[in-house]
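Each chain, letter by letter, is given below.
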Amino acid sequence: MGGAQFPGDNDVAEVDAARDGEVDRRDVGKMKHGCEHYRRRCKIVAPCCNQVFPCRHCHNEATASGDRHTICRQDVEKVVCLLCETKQPVSQVCISCGVNMGEYFCDICKFYDDDTDKGQYHCIDCGICRVGGKENFFHCVKCGSCYSVILRDNHQCVENSMRQNCPICYEYLFDSLQGTRVLNCGHTMHLTCFEEMVAHNKYTCPICSKTALDLTHHWEMLDQEIEATIMPLVYRYKVFFPVFGCFATIATRSQR
Ligand SMILES: [Zn+2]
Ligand SMILES: [Zn+2]
Ligand SMILES: [Zn+2]
Ligand SMILES: [Zn+2]
Ligand SMILES: [Zn+2]
Ligand SMILES: [Zn+2]
Ligand SMILES: [Zn+2]
Ligand SMILES: [Zn+2]
């Protein structure tokens, strides 16, 4: 071990350890840096205003209150390594100190993230990086986004369903950081917005007013309740249904 160590400065100790071959140099400082949005070991130079930000969301939040504009992630050309402060062209490994500036790195989105537990992957059709594990998603061309494999051949396609704002909070859904829910009708909204809507006893899609939940279980329970309810004597008679050519007890089933 050589070089001065500063108490609490783990990166310095790690760089020393890396020099001594104990730790892979690329892993130095992993998961220890970043912003509230991402763990990463670099900042980005915004191509629009030439200022340095931890990530594009930090940029968009900072500019929201003033010179309102959003970053085009693909246009980012330069980053600044957080460990050695070297400004350099976008790439995974720092040209100066040799760390991975992001354990996950996408050359198209200029995207860095040390927290690979999120299962990041780049969808060519979406044109952006997504989370949740490539194996758990497929790209629905008609809906224009990646959907859970559970929905493959099993959902109502709505043209560009995800390329709209959430009908509850109006955030653009396509590249939202929050999870989304596909309703029975094919319209989409944030999962949290959906849960809030249900918590307020609203079960219909705000866009098309169709039932948003799969209520099969709910109707079954109602049916059981009706069957378990003894009809008052006055209603216990049979009516002829000419259409069906049969008799049926009047005990109307719930509408679906
Ligand atoms: Zn900018
Ligand atoms: Zn950020
Ligand atoms: Zn560096
Ligand atoms: Zn990407
Ligand atoms: Zn996709
Ligand atoms: Zn679809
Ligand atoms: Zn929302
Ligand atoms: Zn709908």
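Residues numbered from 1 in each chain as written. Chains lettered and ligands numbered in written order. Predicted model: local features only at pLDDT ≥ 70, side-chain atom pairs only at ≥ 80, totals over all residues.

The name recorded for the chain in an unreviewed UniProt entry is E3 ubiquitin-protein ligase MIEL1, from Zea mays.

Caption draft 1: Main features of the pairing of strand β3 (residues 78-81). The alternating pattern of β3 places Val79 and Cys81 on a buried face and Lys78 and Val80 on a face that is not buried. In the sheet, strand β1 (residues 42-45) pairs with β3 via 4 bridges, with the strands oriented antiparallel. The residue of β3 that forms the bridge with Lys43 is Val80. Pairing geometry for β3 and strand β4 (residues 87-89), over 3 bridges, is antiparallel. Residue pairing for β4: Val80 is matched across the bridge by Lys87. (Buried ≥ 20, exposed ≤ 12 C-beta atoms within 10 Å, placed from the backbone. Helix = DSSP H or I, 4+ residues; strand = E, 2+ residues; numbered from the N terminus. Pairing = 2+ DSSP bridges.)

Caption draft 2: Examining helix α2 (residues 56-64) more closely. Every buried residue of α2 is accounted for by Arg56, Cys58 and His59. Relative to the axis of α2, the buried residues are bounded by an arc of 155° and lie together on one face. In this structure, the buried residues of α2 make contact with β1 and β2 (52-53). (Arc of directions from axis to C-beta. Contact = placed C-beta atoms within 7 Å.)

Caption draft 3: Representation of the sheet that holds β4 in the model. Taken together, the 4 strands give an open sheet; going across it, the order is β2-β1-β3-β4, and neighbouring strands pair in antiparallel fashion. Edge positions in the sheet fall to β2 and β4, since each has one partner strand and no second.

Caption draft 4: Just the confidence of the model for the chain, in detail. Across the chain, pLDDT averages 84, with 75% of residues at or above 70. With pLDDT under 50 throughout, residues 1-8 is counted as low confidence; its partners more than four residues away or in other chains account for 7 contacts. (pLDDT = per-residue confidence, 0-100.)

Caption draft 5: Looking closely at the pairing of β1. Two elements, β1 and β2, share 2 bridges in a ladder whose sense is antiparallel. Opposite Val45, over in β2, you have Val52 as the bridge partner.

Caption draft 6: Seen up close, the nonpolar core. In terms of nonpolar packing, the biggest core is built from 23 residues, with Cys81, Leu83 and Met101 touching the most fellow members. Looking at this core, the elements that each hand over two or more residues are β1, β3, β5 (104-106) and β6 (111-113). When neighbours within four sequence positions are excluded, Met101 is seen to be in contact with Arg40, Arg41, Cys42, Val79, Cys81, Gln92, Cys94 and Tyr112. Residues Phe137, Cys143, Cys146 and Cys166 belong to the second largest nonpolar core, which totals 17 residues. (Core = buried A, V, L, I, M, F, W, Y, C linked by C-beta atoms within 7 Å.)

Caption draft 7: Main features of the environment of Tyr203. Among the secondary structure elements, Tyr203 is positioned in the loop between α3 (191-199) and α4 (216-228). Residue class for Tyr203 comes out partly exposed when judged on the 13 C-beta atoms lying within 10 Å of it. Those residues within four positions of Tyr203 in sequence are excluded, and the remaining contacts are Val198, Thr211, Ala212 and Leu213.

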